[in-house]
Structures are given as C-alpha cells and as structure tokens.
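If you want the building blocks of each chain, they are given just below.
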There are 2 protein chains.
Amino acid sequence: MPSVGIVGAGLVGCLAGLALNAKGFDVTIFELRPDPRKEDSRASLRSINLAVSDRGIRAMRYVDKEIADRVLKHVIHMKGRMIHDISGKKQESHVYGLFGESINSIDRLFLNKVLLQELNKVRVKVFFDHKLVALVNGEQPELQLAAKDGFDKKVKFDYVIGADGAHSQFRYQMQKGMRMDISQQYIDMQYLELSIPKVAGAASNHPSRFAIDPNHLHIWPRKDFMLIALPNEDGLFTLTFFSPWSVMELFKHNADLFLAFFKKQFPDAFELIGAERLSYAFLHQPRCLLMQVSVNPYSGPNHRTLLIGDAAHSMVPFYGQGMNCGFEDVHVLMKLLDKNQKNLSKSISQYTAARKEDLDAICKLALDNYYEMSTKVVDPLYLLRKKIDYVLGKLGLGSLFTWIPMYTMISFRGDIRYSDAVRREKLQAKILRWLQNGTVAVLALVVAYYVRKFKKRNIGRLQL
Amino acid sequence: MPSVGIVGAGLVGCLAGLALNAKGFDVTIFELRPDPRKEDSRASLRSINLAVSDRGIRAMRYVDKEIADRVLKHVIHMKGRMIHDISGKKQESHVYGLFGESINSIDRLFLNKVLLQELNKVRVKVFFDHKLVALVNGEQPELQLAAKDGFDKKVKFDYVIGADGAHSQFRYQMQKGMRMDISQQYIDMQYLELSIPKVAGAASNHPSRFAIDPNHLHIWPRKDFMLIALPNEDGLFTLTFFSPWSVMELFKHNADLFLAFFKKQFPDAFELIGAERLSYAFLHQPRCLLMQVSVNPYSGPNHRTLLIGDAAHSMVPFYGQGMNCGFEDVHVLMKLLDKNQKNLSKSISQYTAARKEDLDAICKLALDNYYEMSTKVVDPLYLLRKKIDYVLGKLGLGSLFTWIPMYTMISFRGDIRYSDAVRREKLQAKILRWLQNGTVAVLALVVAYYVRKFKKRNIGRLQL
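So, how was this worked out
Residues numbered from 1 in each chain as written. Chains lettered and ligands numbered in written order. Predicted model: local features only at pLDDT ≥ 70, side-chain atom pairs only at ≥ 80, totals over all residues. Heavy atoms only, no water. Domains from an automatic or database assignment. Least-squares fit on C-alpha atoms with pLDDT ≥ 70 in both. Contact = heavy atoms within 4.5 Å. Pairing = 2+ DSSP bridges. Helix = DSSP H or I, 4+ residues; strand = E, 2+ residues; numbered from the N terminus. Axes fitted to C-alpha atoms, helices over the stretch in contact; angles between N-to-C directions. Buried area = accessible area lost by both parts, 1.4 Å probe. Salt bridge = Lys/Arg side-chain N within 4 Å of Asp/Glu carboxyl O. Polar contact = N/O pair within 3.5 Å; in protein donor to acceptor, adjacent residues only side chain to side chain. Expected span 1.5 Å × (residues − 1). Buried < 20%, exposed > 50% of the residue type's maximum accessible area, 1.4 Å probe, protein only. Patch = residues over 30% accessible without salt bridge, like charges linked within 9 Å, V, L, I, M, F, W, Y side chains within 5 Å. Areas by Shrake-Rupley, 256 points an atom, 1.4 Å probe, with all protein chains shown as cover. UniProt positions renumbered as here; feature names shortened; annotations may be inferred. Phe/Tyr/Trp six-rings, centres within 6.5 Å; stacked < 30°, edge-to-face > 60°. Lys NZ or Arg CZ within 6 Å of the ring centre and 35° of its normal.

I would appreciate a short explanation of the domain arrangement of chain A in the present structure.
Domain annotation for chain A reports domain 1 (3-77 + 106-183 + 293-367), domain 2 (187-288) and domain 3 (380-440). Between the C-alpha centres of domain 2 of chain A and domain 3 of chain A the distance comes to 33 Å.

Sorry, what's going on with the relation of the copies chain B and chain A here?
Two copies of the chain are present, and they differ by a rotation about an axis and a shift along that axis. With an axial shift of 0.0 Å and an RMSD of 0.1 Å, the rotation relating chain B to chain A amounts to 180°. Classification of the inter-copy transformation places it as that of a two-fold axis. The rotation axis passes nearest to the C-alpha of S183 of chain B in chain B, at a distance of 2.0 Å. Both copies share a contact surface, since 100% of the interface residues of chain B are interface residues in chain A too.

Got a minute to help me understand the sheet that holds strand β7 (residues 103-107) of chain A in this structure?
Residue and element names in this part refer to chain A. Here we have 3 strands laid out as an open sheet, ordered β3-β7-β4, and antiparallel in their pairing. Of all strands in the sheet, those with a lone pairing partner are β3 (49-52) and β4 (76-78), marking the two edges. The average undirected angle you get between the axes of adjacent strands in this sheet is 35°. Relative to β7, β4 runs antiparallel, the two being bridged by 3 bridges.

What is the right way to look at the sheet that holds strand β7 (residues 103-107) of chain B in this model?
The pairing of strands in a sheet happens through backbone hydrogen bonds and is either parallel or antiparallel. Residue and element names in this part refer to chain B. The sheet built from 3 strands is open, its strands ordered β3-β7-β4 with antiparallel pairing. Bordering the open sheet on either side are β3 (49-52) and β4 (76-78), each of which pairs with just one other strand. When the angles between neighbouring strand axes are averaged without regard to direction, this sheet yields 35°. For β3 and β7, the ladder comprises 4 bridges, and the chain directions are antiparallel. Bridge pairing in β7 places N49 opposite D107.

Even after reading the chapter, I still don't get the interface of chain B and chain A, so can you show me in this structure?
In many analyses, interface size is given as the accessible surface area lost on bringing the parts together. Across the boundary between the two partners, chain B contributes 15 residues, which contact 15 residues of chain A. Area buried by chain B at its contact with chain A is led by Y172, R179 and Q184 of chain B, which between them contribute 42% of it. Our count for the contact surface shared by chain B and chain A stands at 2 salt bridges. Its salt-bridge partner being D188 of chain B, residue R179 of chain A comes within 4.0 Å of it at the nearest N-O pair. At the boundary of chain B with chain A, the tally comes to 12 residue pairs in polar contact (both at pLDDT 80 or more). Counting only elements with at least two residues in the side of chain B that touches chain A, the list comes to α5 (169-176) and β13 (181-196) of chain B.

I keep staring at helix α11 (residues 322-339) of chain B and nothing clicks. Help me out?
Three- or four-residue spacings in an α-helix give side chains the same orientation, since the helix completes a turn every 3.6 residues. All names here are of chain B. Taking 1.5 Å per residue, 18 residues should reach 26 Å; α11 reaches 26 Å between its end C-alpha atoms and fits that length. The buried fraction of α11 is high, at 14 of 18 residues. Following α11 by one or two positions, Q341 has its phi on the positive side, about 50°.

I'm lost on the environment of Y418 of chain B in this one. Help?
All names here are of chain B. Turning to its location among the elements, Y418 is positioned in helix α15 (residues 418-463). Accessibility expressed as a relative area gives 0% for Y418, which makes it buried. When sequence neighbours within four positions are dropped, the list of residues in contact with Y418 reads R55, Q321, N324, C325, E328, R355, D358, A361, I362 and I410.

Can you help me understand the pattern of salt bridges in this one?
Opposite charge on two side chains permits them to pair, given that their charged atoms come into close proximity. Following the criterion strictly, the structure yields 47 salt bridges over all chains and no others. With a shortest N-O distance of 3.1 Å, R385 of chain A and D389 of chain A are connected by a salt bridge. Within this pair, R385 of chain A and its partner D389 of chain A are both found in helix α13 (residues 380-395), separated by 4 residues, close to a single helical turn. The salt bridge partner of D415 of chain B is R413 of chain B, with a shortest N-O separation of 3.0 Å. Under the relative-accessibility criterion, D415 of chain B is labelled partly exposed at 46%. When salt bridges with common partners are traced through the structure, they connect E357, D358, R417, D420 and R423 of chain A into a single cluster.

Before we go on, may I ask you to explain a nonpolar patch on the surface in this structure?
On the surface, V442, V446, Y449 and Y450 of chain A cluster together into a nonpolar patch covering about 410 Å² of accessible area. For V442 of chain A, the location among the structural elements is in helix α15 (residues 418-463).

I tried to follow the UniProt feature "domain: FAD-binding" (unreviewed entry) in chain A on my own but got confused; where do I start?
The UniProt record marks residues 3-177 and 304-355 of chain A with the feature "domain: FAD-binding" (unreviewed entry), using the residue numbering of this structure. Between the first and last C-alpha atoms of residues 304-355 of chain A the distance is 17 Å; the span itself is 65% helix and 6% strand.

What's the story with the packing of aromatic side chains in this structure? I'm lost.
Given two aromatic rings, one states the distance between the centres and the angle between the planes to describe the pair. Using the criterion set out here, one finds 53 aromatic pairs over all chains in the structure. Judged by centre distance (6.1 Å) and plane angle (70°), the rings of F30 of chain A and F157 of chain A are edge-to-face. In this pair, F30 of chain A is assigned in strand β2 (residues 26-30) and F157 of chain A in the loop between β11 (153-156) and β12 (159-162), connecting sequence segments 127 residues apart. F157 of chain A shares its class with F30 of chain A; the two are buried. Ring centres of F318 of chain B and Y370 of chain B lie 4.9 Å apart, and the angle between their planes is 55°; on these two criteria the pair is classed as tilted. Residue F318 of chain B is located in the loop between α10 (310-313) and α11, and its partner Y370 of chain B is located in helix α12 (residues 344-374); the two are separated by 52 residues in the primary sequence. Judged by relative accessible area, which is 12%, Y370 of chain B ranks as buried. Three or more aromatic residues joined by ring pairs make a cluster, and in this case those are F225, F241, F251, F258, F261, F262, F266 and F282 of chain A. One Lys or Arg, R304 of chain A, reaches over the ring of Y159 of chain A and ends 5.1 Å from the middle of that ring. Across from the ring centre of Y418 of chain B, 4.1 Å away, lies the NZ or CZ of R55 of chain B, which sits over that ring.

Pasting the structure below:
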C-alpha cells in the first residue's frame, strides 16, 4: 500500500494517522516535541482544555467507534453557559441545545495520549523530537528531519500531510515550491491561563470536588475583556482571561494592579482562585497570542501534499471549533477516499474544493463569536432572540421548514456543513425580520381598530 | 557607533548599507547568493532589466550624488511607450511625461555591481554564500548564518535589517517572535523572459545596434496577455511575455504550438527574436511567478529589526516601481534618521507609520496597471483622457491648482507620496467628470437654443 508521512503528532495528526492506517496506508508520523506520555512534558502544551462537540465526535466515530466511546467516558458535559455578573453574586444559566445537548470538556493532553496509545496498538510509528527542516518535492515528496538524538533522516513517501499547527513548518516548506496564497492575521488580544483548584478534601470522584457547577462553561462577560472557565475531570477548572493587549499593558508587570483589577471585575472568581495563585499566574504564565491563518489551496500541485488542522486554518477559540474542525478535515478526507476507491491522489486533488468554503465560514464565525461571548450574552435583545430560536426550534414545523438555532448547527449538527449553516442562519434571520415586522404590523392594525372603535363610541356619546 | 547587520546584498540591501555607513553606523551585509561580480553568477538573477525613475534616483542622490551620476551614465532613456499592433506593421508612440521626462532602463546586474563596488570602497564587509538560519531576539538581535565555506556564524548587532527579497527568510524568522500580519497572494500570471539580439555587425556604441527604437518601452498589448521589451546598453532587448497560467498550459510543452501562437500574436517580435531563440527560451527558461506580499508592521517590537524592499512589500512589476520603491524605503528611513538625530531605534519605531499607507497604495497601483498596459493602452477613451491630462498638465493653472497626470506623479515626482498621488488623482478624476458633464450641459444648451431659434423661424414663416 502507498506510504504516508504525517508531520505533527498532535490531535489532528494522530487522528489522520489512525484513519489512514485503517484504510490500509503505511503511515509514519514525525513530531517536533517530546513524547507527551513522558513525565514533565505538560509544560510545553499550552491550551489544556477543549470542548469536543458533534463534528469531533463524528470524526472519531468514523475512524473507530471504540476510541470515541473511550474518550467520551472521560469528558464533562457542559449543557450551557453560566453567566457570572460583576457583583459576583448572580449567575444565570443559558442552555446550549434544544434537547439537552452538551459540548464536552476534555483535557487536551489526555486526548492526545489516548490517540497515541491507539497508534501504538496498530503499530503506526511515531518519531518524537524530530524537526522538519525541508520538504523536497519530486515523484515522491521527501521529508528531511533533524532528530534530537542526532540521527537525521531523509525519508520519501508517496504522500505527506502537514498537521503541525498554527505555526506550521510544513506550510512554510510547502509554500516555497508552489503558488500558495497565505494570510496570517494577529487578533489584538492576548490570553492568560489561570485555574480554580479542586475543593480541598473532596474525593477525586465525588461531585463535591468542583468549586462551581461543572456542567456549564462559565463566562464572566465584561465587553472589552472576559474570563471563561472549563471543568476538568479531576475537579480543577481551567480559566482563560481574554483581553486586548492594551488592557494587559495597563498593569505593566505589577501583580498588585492586576489583582485589584481582577477582584473588582470578577469578585467570585477572585475568591475561588485565591490571590497567591492568581499572582503567580500573572507573573509566570506566558501571555498567549491569537492568530487566524488562511491558505489556498490546501494541497500541492502534484496532489501528494496536504495541509490539515490548524496548519491549514488556525482560528480563534471563541466557537470551540478548532479541534472539532480539524477532526472534520480528517473525516472529509476519508469520505473523499471512500468515494474515490482509496485513491488518495484524487482525494487530495478534490479536497480544497470540498473544504475551502466551510473552513472560511467557521474561521469567520469564530472571530465573530468573541463579540457574542463577551458582550451579547447579557444583551436582553440577544436573549430574546435566543428564546425565539428555542421556541421555533422546539416547534418543529416538520417537513415544511426546520428551524435550527445557529449554535445547534455548528456544535450539535455535524451533518450540516459550516457554510450551509451560515446560509440557513441568514435565511432564518430574514424570516425572523418578516415575522417581527408582520407581528408589529398586526399589532398596529389591532391597536388602530380599537382606537377607531373607541373614538366612534365617544363620538356616538357626544352625539347623544 | 552602533552596528547594523543587513541580510540581502541585492539592490535595496546594498543601498541601505551605503546609506547607513554614510551616517556613521558600523554595517555588515550577508547574502545567500554568490558574489555577482564573479563569472557565471548571472544565471541566478532572474529579472535582468529595471526602469529607474525619479524615486530611485532621488534615493541614490541622497546617499551619494556621484553614485547616482555614475549609474545614470549607463541607463537608456525611455521617453514613452511604443505600442505594437497585431499586424506587426504599425507602431504608435505614447510619451510618458509632459516635459520629455523618461524612465531609464538599466541592467540589474550592472547596478548591483556598482553598489557592491561602492561598499567595497567604504570598507563595508559583505559576506556572500551566507544563509540566514535564525534570527534571535534579545537585548541585541543575533543573526545565525550557515556559510558555504563551513564557517557558520552567530553575530550580534545593535540593529538588523532584512532586505532579502520577496521570499525573505528574514521575514519568516522575524515573524516567529512577534505579532506580524502577513499576506502573500499569487497573481494568476506567469512570465517568460525572451530577448531580441543586437543587430549583427553593428559597433557596440553605434546607435544602429538596436533592432527597434531604444528610447521606448515596447508593448504588444493583447488584453489577456502581453509582451514588453526594454533596451540594454549593449543593443540587446529583454522581452517579457506575461500571461495567465491557463494560456501557458495550452501549449503543453510543445514549442511548435507556442511558436505558432507567438507568430500570430506578435509577428514583428517573432521575426526579430527568431524561431530558434524563441523555441530555446520556451523550452529552457523558467516560468516565473508573480506574488504580492504585504506585512504589518515592518519593524520588530523592540525597534531593532526592520524589513525593507521586496521583503516587506513584494509587488507585481507593472508600474516599474519595485526597485524605486525599495530605494525610497531607504530614503524614508534616512530622512527619519535626520529628524531623530541619528537615533535608529526611534526611526525604526516611526517607520511603519511613515510608510505603510504609501506602500499599500503602490502595491495596489502596480496590480491595477496590468490592465492599463495590456488593455487600456489601445482604448480610444483612455487615449483621449491621456490627451486631456497632457493639455491640462501643460496648461499650468499656477498656484490655483496644478494638474499632474498619475503616471507623472508616480514616476517623475518623487516629492509626491504614493498615497497623496492616489488622493490627487481621485480629485482630478472628479474634476474631470464635472468638466465633462459641464461641457455636455453647455453643448446641450447651445443645441437647444439653436433648435428653438430654428423652430421659431419656421413658425414665423408658416405664419407669413
């Protein structure tokens, strides 16, 4: 069978390896970082929480139902958002789905380890501490790798796939030999990771280990900045503080200034984290960047190279779709393989046309969703629209037209393409405007009728 | 004095080296390629003709009047465009300037050698065959270089400047450590270099050595594709055939198909080049790509790194401004240095704000100018507008308003910023529309007056 070299043993690279191995390809994976299954490798992984939702689950199930089930045993269901107000005393739950659906918090490292273990089982070789230094195109593309152990490699494959993340070296090497449009755009925003510790003394399986409700994604929306929290299985909450760089610069490097700000803006979170922990994070945790990356096309001109995952479409994290979308990349590629009788060359050649529109759509949605999470979630009009969505969605107009709220389409309906979701939402918004205007018009007519009636009666009385 | 490391000893890198050396900085330059002054290095340089115009000349003069004069002795003045029609028999000259100004054809290699020679004279060290492999930020930025002779270097400088062209390694290294927005966009167009040999037997100084008029930039505009020609001092003309990739793909790799196409579209050029030379070029010359690159900002966060020239703003060649604009980058930086009492840090920090708008403007103009060169130059309405421009430009409304044709502003008026040129042209186009509508309105009134008069007279007659 044809050989495939994958660069990147993160989540998307691993799933691609499993999927292609299952189709009979001879897969080898190279990863820049050390093996995350070894001790003390945690420090190198930045974002440690993910929300797996329908697209990610579908892709895992397609590759191997058992893996999906094993992973899902360890997730924590978040069935809605919990909005924390500035007094630190009021919380409000907004459910995500129409039927109790949830997005699912999982530890990135745990998920990565599960996938690596599966690769081990099916004997796919993964070389860690291997840095890609060159990608040479030819009849067979060649990966040139510098290994930490000194045994550098030049390996030819029938196909090579880049899944090495937002700052992809594979992308950089690939674009040298072809016409690839690329844009990378930094968002004026940083994020800082914080945490709420598990409740002291609680048993590791006992529900009381969580300091706040574990079945929600917690948001402290403050318009220009926000704090969010996701639960971990062990009781810890991972918090992320998002703000423009200008806000972070206000504190200079003075932890006291930051603590005073934090206490005022997020009093309940401040109590839960504790001043010491917060101060340590402020002084020692890196401020992370947010970047959107877009490329076109995703494949090389000879249909033997392909970019997937963040390497192809790094997005901001505000729709919780980064990993789900990367898994869907693998799913889309597999469905093309099925259609093309396992012809990978043909499938790669069709990939950009099959995927570009959807990836552009979700990248834009992710960017727009910051505004929703940080600002709109407390806007009464927005909440009203959500209620209307809920009622109409529950109504079920049957075969005539199914009303599906946007969030549901993106997170719980992997059968709907991202771009179709955007189109349907535009139509729904239009229908809603008609309904609104129609309702207002009917109301106006009714009012006018009664006003007239009332006037007539009064005029009648006067005539008496 | 502070030290400056420059990566890239092309035209812009060399001029920057000379300029900074003249201001008293301790300059060292590193270049990936071998020394172009050595034999057989020509093959590695692609585009061998350039048109130097006012901005380039001003920058050279600012750095060293003598260098500018020496260079200008070897240029060939092109005072207009010579349009070749499809019959191969008709040529039409359109002058560029109002007062006989010209753009100036020069050999890129010659210009590069002159600048390198000047660097030699002032004892600026240039290391050839040195590949940049890393740029390490710190108190002083460090360049890590792999040398062909095996003596790799790690050198710290007070400042480092990247002038290493469109595919800049410096840019790639620099963006790793900062928030730099980058876009690279390929234009669906290739170009192939051809040439018309000098007239056989003519002495190398005799005017008869040129097969066609040397004082024009020749254009064979054919809408979807075009051919252009620039003269060289030795009598040779460098031709460039621009076309979408789809046109090139029509010929597959069949030289006969290409020759038949070429003979039909450019009969006079075909005769001058000769079938053999044309066939050789088609089979052995590379098809080159066109790419636009845009970055923001141009400088690093610590104000010790800067991108200039194509590395910062690669543009398509259709306005003949690539090198002129790169030289202007150096000029702008020098003027900032003058303003800031040789404080390079401060000047670098102000560079993006001083330059971004102009660079965006010229990149857009360059892209738009393909349409002008390939299509509009034979449009009667366009030619009429040019004539109006010429008349209004010559008119000289004095202090009231000076009418300056767009081409003049870009190519002959380096004192006008690119972005100001765009603004002024918008205003001129608006004034022209008023003039046009005004003229039509006056004409309509006159016609109406006479029609009425005529009718009255006839009515009078009838009444008789």
